[in-house]
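# Residue-level structure breakdown
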Amino acid sequence: MSSPTRSITVLYFAAAFTAVGTDQETIALPGPVATSESESGIEGFPLCSLPDLLCARHPDAKLEKVLKGSRWSVNEEMVTEEEESTVRLKGGEVVAVICPVSGG
């Protein structure tokens, strides 16, 4: 029997879309899955580790440069730079890469 996985949906906009060639994908999060809230899996996958995971999935996409200048949204809520290290993904979230834009 295989162990359960937890996954997130990543939405790519603007330069991120151009880099990876898709507007969204479902990604399995690494690490164990908790079968109850008391188990260690409740801690979740750190949002600040997501760029490394995405760049490993798209090694030829030049995504690293795009992500360095981008912000994150989790379930339609913007995440500040300060929050990036404390936000944990537990599975089921929709995470958007929000690239910088300019206009006039």
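Let me sum up the structure you'll find in this document. Computed from a prediction, not measured in an experiment: that's the story for all the values here.

### Concerning the pattern of salt bridges
Once their charged atoms are close, side chains differing in charge can pair, the charge on each being opposite to the other. Per the stated rule, a full pass over the model turns up four salt bridges. In this structure, Glu81 and Arg71 form a salt bridge, with 4.0 Å as the shortest nitrogen-oxygen distance. Of this pair, Glu81 sits in the loop between strand S5 (77-79) and strand S6 (88-89) while Arg71 sits in strand S4 (residues 71-74), and the two are 10 residues apart along the sequence. Looking at Glu81, the relative accessible area reads 58%, which means it is exposed. Owing to a relative accessible area of 25%, Arg71 belongs among the partly exposed residues under this scheme.

### Focus: the nonpolar core
If you look at the biggest cluster of nonpolar residues, it comprises 25 residues, and the most contacted ones within it are Leu47, Leu50, Leu54, Leu63, Trp72 and Leu89. Those elements giving two or more residues to this core turn out to be strand S1 (7-12), helix H1 (14-20), helix H2 (50-57), helix H3 (63-68), S4 and strand S7 (94-98). Among the elements that make up this core, the one with the highest residue count is H2 (four residues). Ignoring sequence-local partners within four residues, the contact set of Leu89 consists of Arg6, Ile8, Leu29, Gly44, Phe45, Leu47, Leu50, Val74 and Val95.

What counts and how
- Residues numbered from 1 in each chain as written.
- Predicted model: local features only at pLDDT ≥ 70, side-chain atom pairs only at ≥ 80, totals over all residues.
- Heavy atoms only, no water.
- Salt bridge = Lys/Arg side-chain N within 4 Å of Asp/Glu carboxyl O.
- Helix = DSSP H or I, 4+ residues; strand = E, 2+ residues; numbered from the N terminus.
- Buried < 20%, exposed > 50% of the residue type's maximum accessible area, 1.4 Å probe, protein only.
- Core = buried A, V, L, I, M, F, W, Y, C linked by side-chain atoms within 4.5 Å.
- Contact = heavy atoms within 4.5 Å.

None of this, on its own, says anything about what the molecule does.
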